[in-house]
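Each chain is listed here by its residues.
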Amino acid sequence: REKEDKYRNWKPRFMMSKEDKERRKSSDEVERNIFKVNKCSAEKSKKMAKEEKLFRETFMYDKEISVISRAVAQGSIPSKRPLDLPVTAGEQLDVIDTTQGNNVICRNAEGRYGYVLVKHLTFR
């Protein structure tokens, strides 16, 4: 019995039984659902592009945005100035650029950019 299932001959679709056709249809539908674009991810990418444009305008940043390193915030820090990035404890940040002082330009998971003091970050 096992050998018969293992070495089943190929049959054209028109010669297959109705049960086999139904089973095949359900498996095709499952495979097609994999390739659908998630609506949420499209909205998120649009929001990230908007945040990047705002960042370039406010910081007058014309270089390519690339992640230098990753850091974790040690504690929660509210923003005192409009250019500061509010941070919560344990939040992971992408370090984009360093400045002359103790500040670094960071990006959070939401795509917002701002200055964060180096003393509030732990680098990996």
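One can find the structure itself at the top, above this paragraph.
Residues numbered from 1 in each chain as written. Predicted model: local features only at pLDDT ≥ 70, side-chain atom pairs only at ≥ 80, totals over all residues. Heavy atoms only, no water.

Colleague: Hey, could you run me through the pairing of strand β2 (residues 92-98) in this one?
Modeller: Each regular strand displays side chains that alternate between the two surfaces of the sheet. Burial within β2 is extensive, with five of its seven residues counted as buried. Of the pairings in the sheet, the one linking strand β1 (residues 69-73) to β2 comprises four bridges and is antiparallel in character. Among the inter-strand pairings, Arg70 is bridged to a residue of β2, identified as Asp94. As paired elements, β2 and strand β3 (residues 103-107) share four bridges and run antiparallel to each other. Counterpart to Asp97 in the pairing with β3 is Ile105. (Buried < 20%, exposed > 50% of the residue type's maximum accessible area, 1.4 Å probe, protein only. Helix = DSSP H or I, 4+ residues; strand = E, 2+ residues; numbered from the N terminus. Pairing = 2+ DSSP bridges.)

Colleague: Would you mind showing me how to read the side chain of Arg107 here?
Modeller: Here Arg107 lies in strand β3. A distance of 3.3 Å separates polar atoms of two side chains, one belonging to Arg107 and the other to Tyr113. Those residues in contact with Arg107, other than ones at most four positions away along the chain, are Ile65, Val67, Leu93, Asp94, Ile96, Arg112 and Tyr113. (Polar contact = N/O pair within 3.5 Å; in protein donor to acceptor, adjacent residues only side chain to side chain. Contact = heavy atoms within 4.5 Å.)

Colleague: I tried to follow the packing of aromatic side chains on my own but got confused; where do I start?
Modeller: Where two aromatic rings form a pair, the distance of their centres and the angle of their planes describe that pair. Per the counting criterion, the structure on display carries four aromatic pairs. Consider the rings of Phe55 and Phe59, whose centres lie 4.9 Å apart with planes at 45 degrees: the pair is tilted. Of this pair, Phe55 and Phe59 both sit in helix α3 (residues 39-59), four residues apart, roughly one helical turn. Counting every residue linked through ring pairs, the aromatic cluster contains Phe55, Phe59, Tyr61, Tyr113 and Tyr115. (Phe/Tyr/Trp six-rings, centres within 6.5 Å; stacked < 30°, edge-to-face > 60°.)

Colleague: Would you mind going over the pattern of salt bridges with me for this structure?
Modeller: Once their charged atoms are close, side chains differing in charge can pair, the charge on each being opposite to the other. The final tally for this structure, using the stated rule, is five salt bridges. One salt bridge in this structure joins Asp94 and Arg70, with 3.4 Å as the shortest N-O distance. On the criterion of sequence distance, the pair formed by Asp94 in strand β2 and Arg70 in strand β1 is long-range, its members being 24 residues apart. Taking relative accessible area as the criterion, Asp94 reaches 13% and is therefore assigned buried. A salt bridge links Arg81 to Asp84, with the nearest nitrogen and oxygen atoms 2.9 Å apart. Owing to a relative accessible area of 44%, Arg81 belongs among the partly exposed residues under this scheme. Taken together, the shared-partner salt bridges in this structure form one network comprising Arg70, Asp94 and Arg107. (Salt bridge = Lys/Arg side-chain N within 4 Å of Asp/Glu carboxyl O.)

Colleague: What is the right way to look at the side chain of Asn108 in this model?
Modeller: In this structure, Asn108 sits in the loop between β3 and β4 (113-117). When its relative accessible area of 7% is taken as the criterion, Asn108 is described as buried. For Asn108, the side chain forms a polar contact with the main-chain nitrogen of Arg112, separated by 2.9 Å. Non-local contacts of Asn108, meaning those with residues more than four positions away in its chain, are made with Leu85, Glu91, Gln92 and Leu93.

Colleague: Any chance you could explain the sheet that holds β4 here in plain terms?
Modeller: Whether parallel or antiparallel, the strands of a sheet pair through hydrogen bonds between backbone atoms. Strand order in the open sheet made by the five strands is β4-β3-β2-β1-β5, with antiparallel pairing throughout. Across the chains shown, the open sheet's two edge strands, defined by having one partner strand only, are β4 and β5 (121-123). On average, each strand axis in the sheet is tilted by 45 degrees relative to the strand beside it, whichever way the strands run. In this structure, β1 lies alongside β5, joined through three bridges in antiparallel fashion. Note that in β5 the partner of Val72 across the bridge is Thr122. (Axes fitted to C-alpha atoms, helices over the stretch in contact; angles between N-to-C directions.)

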